[in-house]
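# Overview (structure and organization)
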Amino acid sequence: MSLIKRNENWLPSVFDDMFKTDWLGGTTNVNNIGTRIPAVNIHESAENFIVEVAAPGKSKEDFKIELDNDVLTISAEDKIEKETSEKNGKYTRREFSYSTFKRAFSLPDTVDNSKISANYNNGVLEIALPKKEEAKVQAKRMIEIS
C-alpha cells in the first residue's frame, strides 16, 4: 500500500495500490507515463523455473536481461517516430511514442546462476532458471534399517 495522502475519495486509490502490487516478488511502476507492464508467468518443474514474459511485436535485440546479486532484471524499450509531411516538405504533424518496462525478480538460492538461458519466440520471452542439483526433487527410495 502507498503512504500517499488520500483525498476524500480515497477508496479507489487503495484498490489501485493493491492491484498494482506484484505479489510474486517482481517490481512494478505502473504510474509512469510510457510504461507498460507485460504479463509474466512463472512455473516450476523438477528441473527448473521458467519465467515467461508476454512481449509481442518485439525482437530479441529489444530486451536486456541482467543478473546482479541474485536479482534478475528484464527490461525493454521502444522508440517509434511517425512523420507526416506536405508536398513542400514542411511537417504538418509529427508523432512519436516511447514505452519502456522493467521487471526485477529475486532469485532463490536453489537457482544455478551460471546456467540461466533465454529464448524469444512468437512474442514470448522465456527465461530458464535451472535448479542446482541439490535442490532438485530426489527420487523416492527405501532406507533399510540395520
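What comes next is a walk through the structure. The residue numbering used here restarts from 1 in each chain and proceeds along that chain's sequence as written. In view of the model being predicted, local features appear only for residues whose pLDDT reaches at least 70, and side-chain atom pairs are presented and counted only at 80 or more, with totals across whole chains, interfaces and linings using the full set of residues. Calculation of side-chain values draws on the structure's entire complement of heavy atoms; hydrogens and water are dropped beforehand.

## Description of the pattern of salt bridges
Condition: In the sections that follow, a salt bridge refers to a side-chain nitrogen of Lys or Arg positioned within 4 Å of a carboxyl oxygen of Asp or Glu. Burial classes follow relative accessibility: with a 1.4 Å probe on protein chains only, a residue under 20% of its type's maximum area counts as buried, one over 50% as exposed, and anything between as partly exposed.
Under the counting rule described, the total for this entry stands at 3 salt bridges. The salt bridge partner of Lys64 is Glu66, with a shortest N-O separation of 4.0 Å. Among the ionic pairs, Lys115 bridges to Asp112, the shortest N-O distance being 3.8 Å. Residue classification places Lys115 among the exposed positions, given a relative accessible area of 52%.

## What to know about unusual backbone geometry
This is how it is decided: A run of H or I in DSSP counts as a helix once it spans at least four residues, and a run of E counts as a strand once it spans at least two, with each numbered from the N terminus.
In this structure, Asn69 is a non-glycine residue whose phi angle is positive, near 50°. Here Asn122, not a glycine, exhibits a phi torsion of approximately 50°, which is positive. Structurally, Asn122 is set in the loop between strand E6 (117-121) and strand E7 (124-130).

## Overview of the packing of aromatic side chains
Stated formally: Two rings from Phe, Tyr or Trp (for Trp, the six-membered ring) form a pair when their centres sit within 6.5 Å of each other. Planes less than 30 degrees apart are called stacked, planes more than 60 degrees apart edge-to-face, and all others tilted.
Across all of its chains, the model carries 2 aromatic pairs by this definition. Look at Phe63 and Phe101: their rings are 6.4 Å apart centre to centre, the planes differ by 65°, and that puts the pair in the edge-to-face class. Taken together, the residues Phe63 in strand E3 (residues 63-68) and Phe101 in strand E5 (residues 91-106) connect sequence positions 38 residues apart. A residue is classified by how much of its surface remains accessible, and Phe63, at 12% relative accessible area, is buried. Take Phe101: its relative accessible area is 6%, and that puts it in the buried class. Chaining the aromatic ring pairs together yields one cluster made of Phe63, Phe101 and Tyr120.

## Structural notes on the environment of Ile65
In plain terms, the rule: The contact criterion used is simple: two residues touch if any of their non-hydrogen atoms lie within 4.5 Å.
Examined against the element boundaries, Ile65 turns out to sit in strand E3. Using a relative accessible area of 35% as the deciding quantity, one classes Ile65 as partly exposed. Excluding residues within four positions of it along the chain, Ile65 makes contact with Leu72, Thr73, Ala118, Leu125 and Ile127.

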